[in-house]
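# Observations on the three-dimensional arrangement
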Amino acid sequence: MTTTTLITNIGTLVTNVPGLGDASPLGLLTEAAVVLAGGKVAWVGPAAEAPAADERYDAGGRAVLPGFVDSHSHLVFAGDRTQEFNARMSGRPYRAGGIRTTVAATRAASDEALEANLTRYLAEALRQGTTTFETKSGYGLTTEDEARALRIAARHTDEVTYLGAHIVAPEYADDPAGYVALVTGEMLDACAPHARWVDVFCEKGAFDGDQARAVLAAGIAKGLVPRVHANQLGHGPGVQIAVELGAASADHCTHLTDGDVAALADAAGTTVATLLPGAEFSTRATWPNARRLLDAGATVALSTDCNPGSSFTSSMPFCIALAVRDMGMTPDEAVWSATAGGAAALRRGDVGRVAPGARADLALLDAPSHVHLAYRPGVPLVREVWRRGVRLGA
């Protein structure tokens, strides 16, 4: 028999369903209660109207919001790039080629070491309220190493992305066309059974527009859904290719033309503009202009881009604070983008909201309102996390 749990005495509840609360996108409710059953949300509404339940949990006046949905990370890796970061903070600019350092370390690592590293950072993210995450390959760049990265990732999430086209493998430095042929042929055949998504780093120093289009088209033919690393380091064709091919997301979106913004706005129901402020923070680069995208009508997500080179943070609350402080987002917009926005970027309707039928993934803050995530930056506000209806504690 399914046990039901009533969570009551909630400060502010973020549902992300306007019809459940106020008319805002966050669907805010005060004096609210939530009933969980069978790993899902069974009921949401005013506490005074809550149905009986087998168990009762007092939220102590804390804010409750959906677990964060981190739709862009690179967590299957080995090694450390502290020296690179230190040098960059001393004046050396970020370039895509730094990835090769991690490639060498990842190739040399055992499966056990890679999985231990992955689970370490997943646990770290979970403590900070992230209950759904995507992660990619891209630090192996051989058929065997890319396939094993995806096998390891698939043991921990359904949101696995094939990123053989991260950079051109060192062995193919003088033959990029040969590497694209590998990525779209033998490597893809080995990797597709373990992935849901296909991605490409469309950027100077990585893959140009024609190469990116070829990689994505091959992945689509294998049943993978595209996403694109687009327009991070400069203006380029990445956003337009993402929209053209119906990608679930164009990620980074730091350098956009008016045409890029218009394309993302027109494709708001298909292609999400995923912004990754941790990368700009860690590289001292230009901030993405979230306000420009939001005002145009684009759908925006926030994600950590957690990786050892350009954004070594697993903290969605930190990214929310950056987005509010430096990217022109309101606290409400940033929280929506880190929850419902991330769910949209993964084309998931079961996460990123607190509503009947949704997965029972919740973050409880040591604060009465979600606004504190930006108001108190750097403070570990996530007190407790519920994932699939199970309370994981502090």
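Above: the structure in question.
Here goes a summary of the coordinates provided. (Residues numbered from 1 in each chain as written. Predicted model: local features only at pLDDT ≥ 70, side-chain atom pairs only at ≥ 80, totals over all residues. Heavy atoms only, no water.)

## Looking at helix 12 (residues 316-326)
What helix 12 keeps buried is the set M316, P317, C319, I320, A321, L322 and A323. Backbone geometry just downstream of helix 12 places G328 in the positive-phi region, at approximately 80°. (Buried < 20%, exposed > 50% of the residue type's maximum accessible area, 1.4 Å probe, protein only. Helix = DSSP H or I, 4+ residues; strand = E, 2+ residues; numbered from the N terminus.)

## As for the packing of aromatic side chains
If you walk through the whole model with that rule in mind, you get eight aromatic pairs. Pairing F281 with F318 gives two aromatic rings, centres 5.1 Å apart and planes at 90°, and the pair type is edge-to-face. Here F281, found in helix 10 (residues 277-283), pairs with F318, found in helix 12; they are 37 residues apart in sequence, far enough to count as distant. On the basis of relative accessibility, which here comes to 43%, the residue F281 falls in the partly exposed class. The structure contains a cluster of three or more aromatic residues connected by ring pairs, namely F77, Y121, Y139 and F312. (Phe/Tyr/Trp six-rings, centres within 6.5 Å; stacked < 30°, edge-to-face > 60°.)

## What about the side chain of R88?
For R88, the location among the structural elements is in helix 1 (residues 82-89). Of note is the side chain of R88, whose polar atom sits 2.9 Å from the backbone oxygen of G309. (Polar contact = N/O pair within 3.5 Å; in protein donor to acceptor, adjacent residues only side chain to side chain.)

## Here we look at the nonpolar core
Note on soluble globular proteins: their nonpolar side chains tend to be buried together. One finds Y162, Y179, L264, L293 and L302 to be the most contacted residues of the largest nonpolar core, which totals 84 residues. No other element matches the five residues that helix 4 (residues 143-154) contributes to this core. When sequence neighbours within four positions are dropped, the list of residues in contact with L302 reads V69, L275, P277, M316, C319, I320, A323, M327, M329, A334, S337 and A338. I7, V34, V41 and A360 belong to the second-largest nonpolar core, a separate cluster that totals 17 residues. (Core = buried A, V, L, I, M, F, W, Y, C linked by side-chain atoms within 4.5 Å. Contact = heavy atoms within 4.5 Å.)

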